[in-house]
Amino acid sequence: MLSICRRRGIQLANNWTALTVSRNCHCRRLTSAPLTTSGALIRSEYQSHLSVRRFLCSSMEQGHAQTTNVETSQDSAAPAQQVEAAATATETVANVREETEEVAEEDDLVGYTKRGEFTSQNYRVSIKNLRKFPGYRVLAEWVKEKSGVGPHRLYVAGHTRTRQIYVTFKSEEDQATAIEKLNGSFYQGEKIQCVKEKPQADPYLERKGKSSRDGDKKNAKRARHADPEFEHLTPEERVARVIEPYKPLPYEEQLKRKQDWVSIVLKSITTQMSRNTLVPPWLPKQKAANAGMICELQDILHSPVKEAYRIKNEFSIGPGPEASPQVTVGFRLGAYKEGSMTIVSPEKCTIVPAIARDVATTFQGYVRQAEMLYFDECTHLGYWQTLTVRTPLAGGCMAVVGMHPQKLTQAEVETEVELLRKYFVDGPGKDSGITSMYIHFDITRYRKTTSLRDYYHVFGDMHLHEKLLGLTYRISADAFFQVNTLATERLYTLICDWCDVNEDSIVLDICCGTGTIALALAKRVKKVIGVEMCEQAVEDAKHNAELNGITNAEFICGKAEFVMDGLMKRYGRNPNLVAVVDPPRAGLHVSRSGCVPAHSQDLCPETSCLRRLQPQAI
């Protein structure tokens with residue numbers, strides 16, 4: 001939701017045979033050793049040999065095969081035997097993984113806390129006896145004020161009106177301090193009980209364990225789709241239904257349902273505000289004038305295009321459906337917390353362009369023959385996590401491969417970069433249409449244990465470009481850009497009209513990304529100022545201004561909650577100040593979300609309204 005604010009207004013078997021797969025897809029025995037129920041040995045074997053695989057796949061394009069128990073040469077094995085051996089290998093390793101999960105279900109639902117990775121679940125407490133749940137923000141501020149330590153995460157296990165909530169911290173010291181300060185204190189007249197809690201059970205293993213105890217373990221993944229409406233659908237059709245839930249409905253009905261949903265949300269916000277101690281004086285009037293909503297809700301605008309419009313698609317990498325459990329690149333059929341890790345091909349998803357689906361299929365071929373495994377959310381072993389494909393209407397195709405760093409060295413990363421380059425420049429993937437490729441490591445939680453960079457350029461162009469309303473914008477690998485270009489043009493045209501700017505206006509584009517909104521308004525106003533926390537996006541915004549000959553644009557890198565005070569001191573009293581806010585899904589930081597109205601004595605919410613552009617046909 002984009003708003004405009006004006007001054008007005010994630011075997012155990014008795015014996016485990018570790019396998020190594022060479023680049024020509026031959027397979028040979030590496031080690032054979034008994035395992036304990038802890039699974040420690042299987043973990044050390046995996047980390048010591050990058051080539052251990054759970055799913056052994058045949059590289060049919062090159063005519064190679066894989067076997068499990070004997071070393072096989074391509075010249076000596078008959079094709080039929082090769083295919084049979086590969087199928088047996090896949091089934092065997094999948095069965096071992098299933099046995100491993102079964103032990104984990106029974107013995108260690110919190111095994112994820114023992115991996116050596118940071119998880120705040122190790123420092124969890126519960127707060128009981130709350131008279132009424134005050135809301136996450138208020139409670140988090142109270143915890144910080146009372147204990148002197150800020151919570152890492154705060155959540156409710158059940159209904160938001162429960163009197164018990166859970167809080168996690170960043171260290172054992174913070175946890176102990178919070179318990180000491182909070183336990184026995186008073187909140188809303190009630191004596192609070194704060195006690196140490198065990199880590200939350202892994203939702204995937206917990207759900208599988210429940211299915212097993214009910215005697216339905218084999219059908220655990222199917223249970224979620226037991227609805228008769230889905231029984232006749234293929235996995236590809238099911239995932240398309242998950243991604244496009246409104247697709248079977250006429251477009252007008254889709255819009256009506258969304259309109260009704262937004263109306264319910266706005267009424268809920270209004271009701272919550274009405275219960276506050278300090279009710280804004282304009283709220284009753286707004287509520288009466290807009291059918292119980294805080295503001296006017298206009299009709300949804302139709303999208304100019306309803307299929308194949310997404311210029312950015314993020315695919316997951318993991319096990320395919322039970323009928324074909326090979327590693328797959330596509331979309332999730334269900335959530336991890338619901339007991340599903342199944343990935344299904346996006347071939348039936350009509351909102352995904354054909355070129356993006358083709359790239360996913362081609363990359364799927366690469367990871368199936370690669371030595372590195374996909375990242376397993378249950379065991380946290382493996383590497384391949386996601387594949388993000390950008391396909392702007394102006395041309396070009398960027399593929400960003402998301403990998404888990406594990407304990408990879410620079411040399412190992414460089415080796416994989418070279419293998420990717422050979423495969424997609426001179427090998428089977430050369431006709432995929434990819435013009436730019438990167439490897440991305442999310443090292444936010446591993447900066448102290450890894451020396452890897454965030455991004456590694458593999459080949460091709462460093463950036464992509466897209467056109468909006470006659471302007472050209474540069475897009476980097478990590479920059480945000482709207483996913484529906486044609487609908488975005490309608491959206492930005494509407495923004496320009498709503499801002500009602502003139503040559504004396506100053507526009508603040510908060511959370512500006514690559515500067516698209518600010519630059520769309522620049523030629524109509526005196527000055528535009530963009531605020532964005534992503535450093536690369538700010539560099540793109542500055543480049544975009546120069547690329548389009550715009551000289552009255554300024555872009556500041558930083559969090560909006562830290563930058564806005566300074567900007568309001570400089571421009572807050574300007575009668576022609578307009579702020580455009582397109583925040584991330586989490587919204588603006590609470591300490592700064594109201595900074596513009598706070599500096600405006602003539603705020604007139606009656607002139608505000610919400611109007612949502614329909615960006616997709618789901």
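One numbering rule holds for all chains: residues counted from 1, following each sequence as written. Where totals are concerned, whole chains, interfaces and linings use all residues; where local detail is concerned, this predicted model gives features only for residues with pLDDT of at least 70, and gives and counts side-chain atom pairs only at 80 or more. With hydrogens and water set aside, each side-chain value is computed from the structure's full complement of heavy atoms.

Chemist: Just checking my understanding: could you explain the overall build of the chain for this structure?
Modeler: Scanning the chain for helices and strands turns up 17 helices and 24 strands. Burial analysis of the chain (618 residues in total) assigns 48% to the buried set. Per-residue and other accessible areas were derived by the Shrake-Rupley procedure at a 1.4 Å probe size, with only the shown protein chains allowed to occlude residues. Carbon and sulfur atoms make up 49% of the accessible area of the chain, which totals about 30400 Å². Under the scheme used here, helices are H or I runs from DSSP no shorter than 4 residues and strands are E runs no shorter than 2 residues, and both carry numbers assigned from the N terminus. Accessible area is worked out with a 1.4 Å probe on protein chains only. A residue is then buried under 20% of its type maximum, exposed over 50%, and partly exposed in between.

Chemist: Where do I start with the side chain of Gln406 in this structure?
Modeler: Among the structural elements, Gln406 can be located in the loop between strand 15 (398-403) and helix 12 (410-426). Gln406 sits in the buried class, given a relative accessible area of 18%. Here Gly382 takes part through its backbone oxygen, which lies 2.8 Å from a polar atom of the side chain of Gln406. Here a polar contact is recorded for every N or O atom pair within 3.5 Å, except that within protein the pair must consist of a potential hydrogen donor and a potential acceptor, and residues adjacent in sequence are included only if both atoms are side-chain atoms.

Chemist: Whenever I open this one, the packing of aromatic side chains confuses me. Can you help?
Modeler: The geometry of an aromatic ring pair is captured by two quantities: the separation of the ring centres and the angle between the planes. Each Phe, Tyr or Trp ring (for Trp, its six-membered ring) is paired with any other whose centre lies within 6.5 Å, and the angle between the two planes then decides the class: stacked below 30 degrees, edge-to-face above 60, tilted in between. With the rule as written, the count across this model stands at 13 aromatic pairs. Seen from their ring centres, Tyr366 and Tyr423 are 5.0 Å apart, and the 75° between their planes marks the pair as edge-to-face. With Tyr366 in helix 11 (residues 354-369) and Tyr423 in helix 12, the pair connects residues that are 57 residues apart, well separated along the chain. Residues Tyr366 and Tyr423 agree in their burial class; the two are buried. An aromatic cluster of at least three residues, connected via ring pairs, comprises Phe363, Tyr366, Trp384, Tyr423 and Phe424. A ring has a charge above it when a Lys NZ or an Arg CZ is no more than 6 Å from the ring centre and no more than 35 degrees off the ring normal. Its guanidinium or amino end placed over the ring of Tyr166, Arg124 lies 4.3 Å from that ring's centre, counting from NZ or CZ. Here the guanidinium or amino end of Lys306 rests over the ring plane of Tyr251, the centre of that ring lying 4.5 Å away.

Chemist: I keep staring at the packing of helix 11 against helix 12 and nothing clicks. Help me out?
Modeler: How two helices sit against one another is set out by the angle between their axes and by the gap between those axes. Lines are fitted to the C-alpha atoms to define the axes, a helix being fitted only along its stretch in contact, and any angle between axes, read from their N-to-C directions, falls within 0 to 180 degrees. The interhelical angle for the contact between helix 11 and helix 12, taken along N-to-C directions, is 130°, at an axis separation of 11 Å. Considering their axes alone, helix 11 and helix 12 lie oblique with respect to each other. Here the hand of the crossing between helix 11 and helix 12 comes out right-handed. Together, Thr362, Phe363, Gly365, Tyr366 and Gln369 of helix 11 and Glu416, Leu419, Leu420, Tyr423 and Phe424 of helix 12 make up the contact between the two elements. Any residue outside Ala, Val, Leu, Ile, Met, Phe, Trp, Tyr, Cys, Pro, Asp, Glu, Lys and Arg is labelled polar, Gly included; the first ten of those are nonpolar and the last four are charged. Among the residues forming the contact of helix 11 with helix 12, the class breakdown is six nonpolar, three polar and one charged. In this scheme, roughly parallel covers angles under 35 degrees and roughly antiparallel covers those over 145, while 65 to 115 is roughly perpendicular and the rest are oblique. The crossing is said to be left-handed when, going from far helix to near helix, the turn is anticlockwise and less than a right angle, and right-handed when the turn is clockwise. Every residue pair with non-hydrogen atoms within 4.5 Å of one another is taken to be in contact.

Chemist: Please explain helix 16 (residues 560-571) as it appears in this structure.
Modeler: The periodicity of an α-helix, 3.6 residues per turn, causes residues three or four places apart in sequence to face the same way. The length a helix should cover is 1.5 Å for every residue beyond the first. A rise of 1.5 Å per residue sets the reference length of helix 16, with its 12 residues, at 16 Å; its end C-alpha atoms lie 15 Å apart and thus fit the reference within 8%. Inspection of helix 16 places Ala560, Glu561, Val563, Met564, Leu567, Met568 and Tyr571 among the buried residues, and these make up the whole buried set. The buried side chains of helix 16 occupy one side of the element, clustering within an arc of 145° when seen end-on. Residues of helix 16 that are exposed and point over 90 degrees away from its buried face: Phe562 and Lys569. This arc describes the spread of directions from the helix axis toward the C-beta atoms.

Chemist: Could you clarify how one ought to interpret unusual backbone geometry in this entry?
Modeler: Trans peptide bonds make up most of the peptide bonds, and negative phi angles are found at most residues other than glycine. The backbone of Gln188 sits at a positive phi, close to 55°, despite the residue not being glycine. By the element assignment, Gln188 lies in the loop between strand 7 (186-187) and strand 8 (190-191). The phi dihedral of Leu469 falls on the positive side, at around 50°, and the residue is not glycine. Inspection of the secondary structure puts Leu469 in the loop between strand 18 (464-468) and strand 19 (471-475). By relative accessible area, which is 39% here, Leu469 ends up partly exposed.

Chemist: Can you walk me through the pattern of salt bridges in this structure?
Modeler: Any two side chains of opposite charge can pair, so long as their charged atoms come close to each other. Whenever Lys or Arg places a side-chain nitrogen within 4 Å of a carboxyl oxygen from Asp or Glu, that contact is recorded as a salt bridge. Tallied over the entire structure, the rule returns nine salt bridges. The partner of Arg137 in a salt bridge is Glu141, with the nearest N and O atoms 3.7 Å apart. With Arg137 and Glu141 both in helix 3 (residues 136-147), this residue pair falls four residues apart, about one helical turn. Glu554 is the salt-bridge partner of Lys527, the closest N and O atoms lying 3.4 Å from each other. With a gap of 27 residues between them, Lys527 in strand 21 (residues 527-532) and Glu554 in strand 22 (residues 553-557) connect regions that are remote in the sequence. Salt bridges sharing common partners tie together Lys527, Glu554 and Arg570.

Chemist: Looking at this structure, I do not really get a nonpolar patch on the surface. What am I missing?
Modeler: A cluster of nonpolar side chains, contributed by Trp261, Val265 and Ile269, occupies part of the molecular surface with about 270 Å² of accessible area. Within the secondary structure, Val265 is located in helix 9 (residues 251-274). Each patch is built from residues lacking any salt bridge and having more than 30% relative accessible area; the joining distance is 9 Å for like charges and 5 Å for nonpolar side chains (Val, Leu, Ile, Met, Phe, Trp, Tyr).

Chemist: Would you take a moment to explain the nonpolar core for this structure?
Modeler: Across soluble globular proteins, nonpolar side chains show a tendency to be buried alongside one another. Only buried residues count toward a nonpolar core. Its members are Ala, Val, Leu, Ile, Met, Phe, Trp, Tyr and Cys residues joined through side-chain atoms within 4.5 Å. Phe363 and Trp384 are the most contacted members of the largest nonpolar core, which has 45 residues in total. The leading source of residues in this core is helix 11, at six residues. Counting residues in hydrophobic clusters, the runner-up holds 34 residues, among them Ile311, Tyr438, Leu519 and Val528.

Chemist: Got a minute to help me understand the confidence of the model for the chain in this structure?
Modeler: Caution is warranted with low-pLDDT regions, since their predicted coordinates should not be read in detail. By definition, pLDDT measures how confident the predictor is in each residue, and it falls between 0 and 100. In this model, the chain carries an average pLDDT of 76, and 70% of its residues clear a pLDDT of 70 or more. Scored below 50 in pLDDT, residues 211-226 makes 22 contacts in the model with residues more than four places away or belonging to other chains.

Chemist: Is there a simple way to explain the packing of helix 3 against helix 4 (residues 172-182) in this structure?
Modeler: The geometry of helix 3 relative to helix 4 is characterised by a closest axis approach of 9 Å and an angle of 90° between their N-to-C directions. With respect to helix 4, the axis of helix 3 lies roughly perpendicular. Side by side, helix 3 and helix 4 meet where Trp142, Val143, Lys146 and Ser147 of the first sit next to Thr177, Ala178, Lys181 and Leu182 of the second. Taken together, the residues that form the contact of helix 3 with helix 4 break down as four nonpolar, two polar and two charged.

Chemist: Got a minute to help me understand the environment of Ile434 in this structure?
Modeler: Of note, Ile434 is situated in the loop between helix 12 and strand 16 (436-441). Put simply, Ile434 and Ala399 are 35 residues apart on the chain and 6.7 Å apart in space, counted from C-alpha to C-alpha. Once residues within four sequence positions are removed from consideration, Ile434 is found in contact with Val359, Cys397, Ala399, Phe424 and Phe459.

Chemist: Would you mind going over the environment of Ile127 with me for this structure?
Modeler: Tracing the chain through its elements places Ile127 in strand 4 (residues 124-128). Residues Ile127 and Val143 lie 16 residues apart in sequence; the distance between their C-alpha atoms is 10.0 Å.

Chemist: Help me understand the environment of Ile443, please; the structure alone is not making it clear to me.
Modeler: One can find Ile443 in the loop between strand 16 and strand 17 (455-460). Looking at Ile443, the relative accessible area reads 3%, which means it is buried. Ignoring anything within four residues of it in the chain, the contact list for Ile443 reads Pro405, Thr450, Leu452, Arg453 and Asp454.

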